[in-house]
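# Observations on the model geometry
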Amino acid sequence: NAGVTQTPKFQVLKTGQSMTLQCAQDMNHNSMYWYRQDPGMGLRLIYYSASEGTTDKGEVPNGYNVSRLNKREFSLRLESAAPSQTSVYFCASSEFSRGDGNTIYFGEGSWLTVV
Amino acid sequence: AQSVSQHNHHVILSEAASLELGCNYSYGGTVNLFWYVQYPGQHLQLLLKYFSGDPLVKGIKGFEAEFIKSKFSFNLRKPSVQWSDTAEYFCAVKKGGGNKLTFGTGTQLKVEL
């Protein structure tokens, strides 16, 4: 079972460079999410997509853009990377964003370093 | 907005010791509550969740958690930990019917042989 797959796993960027993190899920889920994980801060929601064709800001959207390409894929783009964006990024999905009991499933993470 | 507090940031236990990790949330309405575990170098996996019914929830690997509404708490317990339980544990809360999952800052558990 692939579940949630994200690429790349590791990336080093120079300040000002751009890059896109790719995410795909094979569970036919409607909702997808991008989180970042930083030491001592837990996971913080960057953007989410409740369903195909919609995207919404989370807690920390500044410096990021997203695209819900189709039901399976949800990409995260850093237009001009900054050292403050050094983090571990997790893509996730769930059947629905609203409603009770929906479990969010996570990908394996993408380690991004901006120098 | 809801918030989640995990008061124990680092916990060190010996094998076979009992575990209780605290989790408190701030939202007063209906909530869905989750515990996730992240083993070293791996992604988050669901341990257990509560959204209605019996407030004592049993999860995988012998973990359980009790929802105490009056205390806004959802503490995680395990009677006897193993070395393989070494991981980071995250509590998370979602408003009932809501669409955003809010995580606590995590508790790093180290189990020594």
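Refer to the structure presented above.
Residues numbered from 1 in each chain as written. Chains lettered and ligands numbered in written order. Predicted model: local features only at pLDDT ≥ 70, side-chain atom pairs only at ≥ 80, totals over all residues. Heavy atoms only, no water.

Here we come to the overall build of chain A. In terms of regular secondary structure, chain A is built from 0 helices and 11 strands. The C-alpha atoms of chain A give 13 Å as radius of gyration, which agrees with the globular expectation for 115 residues (13 Å, within 12%). Each principal axis of the C-alpha atoms in chain A carries an extent, and together these give about 40 × 25 × 25 Å. Taking all contacts inside chain A whose residues are at least 6 apart in sequence as the whole, residues at least 24 apart take part in 55%. (Helix = DSSP H or I, 4+ residues; strand = E, 2+ residues; numbered from the N terminus. Rg over C-alpha atoms; globule rule 2.2 N^0.38 Å. Contact = heavy atoms within 4.5 Å.)

Next up on the list: the packing of aromatic side chains. Applying the stated criterion across every chain yields a total of 16 aromatic pairs over all chains. Between tyrosine 64 of chain A and tyrosine 89 of chain A, the ring centres sit 5.9 Å apart and the planes meet at 65°, which makes this aromatic pair edge-to-face. On the criterion of sequence distance, the pair formed by tyrosine 64 of chain A in strand 7 (residues 64–68) and tyrosine 89 of chain A in strand 9 (residues 87–94) is long-range, its members being 25 residues apart. The same class applies to tyrosine 64 of chain A as to tyrosine 89 of chain A, namely buried. By the ring-pair criterion, three or more aromatic residues cluster together here, those being Tyr33, Tyr35, Tyr48, Phe90 and Phe106 of chain A together with Phe34, Tyr36, Phe90 and Phe103 of chain B. (Phe/Tyr/Trp six-rings, centres within 6.5 Å; stacked < 30°, edge-to-face > 60°. Buried < 20%, exposed > 50% of the residue type's maximum accessible area, 1.4 Å probe, protein only.)

Quick look at the interface of chain B and chain A now. Every contact between the two is made by 22 residues of chain B and, on the other side, 23 residues of chain A. At the boundary of chain B with chain A, total buried surface from both sides reaches about 1,900 Å², with 53% on carbon and sulfur atoms. On the chain B side of the contact with chain A, His43, Asn99 and Phe103 of chain B bury the most area, a combined 28% of that side's loss. Inspection of the region where chain B meets chain A yields 0 salt bridges. Viewed at the interface, chain A and chain B are joined by 3 residue pairs in polar contact (both at pLDDT 80 or more). Of all the secondary-structure elements, those providing two or more residues to the side of chain B that touches chain A are strand 5 (31–38), strand 6 (44–50), strand 10 (87–95) and strand 11 (101–103) of chain B. Sorting elements by how many residues they give to the side of chain B that touches chain A places strand 5 of chain B first, with 4 residues. When its residues are assigned to classes, the side of chain B that touches chain A shows 8 nonpolar, 10 polar and 4 charged. (Buried area = accessible area lost by both parts, 1.4 Å probe. Salt bridge = Lys/Arg side-chain N within 4 Å of Asp/Glu carboxyl O. Polar contact = N/O pair within 3.5 Å; in protein donor to acceptor, adjacent residues only side chain to side chain. Nonpolar A, V, L, I, M, F, W, Y, C, P; charged D, E, K, R; others polar.)

Okay, the pattern of salt bridges next. Taken as a whole and judged by the stated rule, the model has 8 salt bridges over all chains. Note that lysine 9 of chain A and glutamate 108 of chain A form a salt bridge whose closest N and O atoms lie 2.7 Å from each other. You can see lysine 9 of chain A sitting in the loop between strand 1 (4–7) and strand 2 (10–13) and its partner glutamate 108 of chain A sitting in the loop between strand 10 (105–106) and strand 11 (110–114), a full 99 residues away along the chain. Linked through salt bridges whose partners overlap, the residues forming this network are Lys58, Glu64, Glu66 and Arg77 of chain B.

Another point: the state of the cysteines. Two cysteines whose sulfur atoms are joined by a covalent bond form what is called a disulfide. Residue and element names in this part refer to chain B. Under the definition given, this model contains 2 disulfides over all chains. One disulfide bridge connects cysteine 23 with cysteine 91, the sulfur atoms lying 1.9 Å from each other. In this structure, the disulfide formed by cysteine 23 and cysteine 91 twists by about -65° around the S-S bond and is classed as left-handed. On the criterion of sequence distance, the pair formed by cysteine 23 in the loop between strand 3 (19–21) and strand 4 (24–25) and cysteine 91 in strand 10 is long-range, its members being 68 residues apart. Each member of the pair, cysteine 23 together with cysteine 91, is buried. (Disulfide = S-S within 2.5 Å.)

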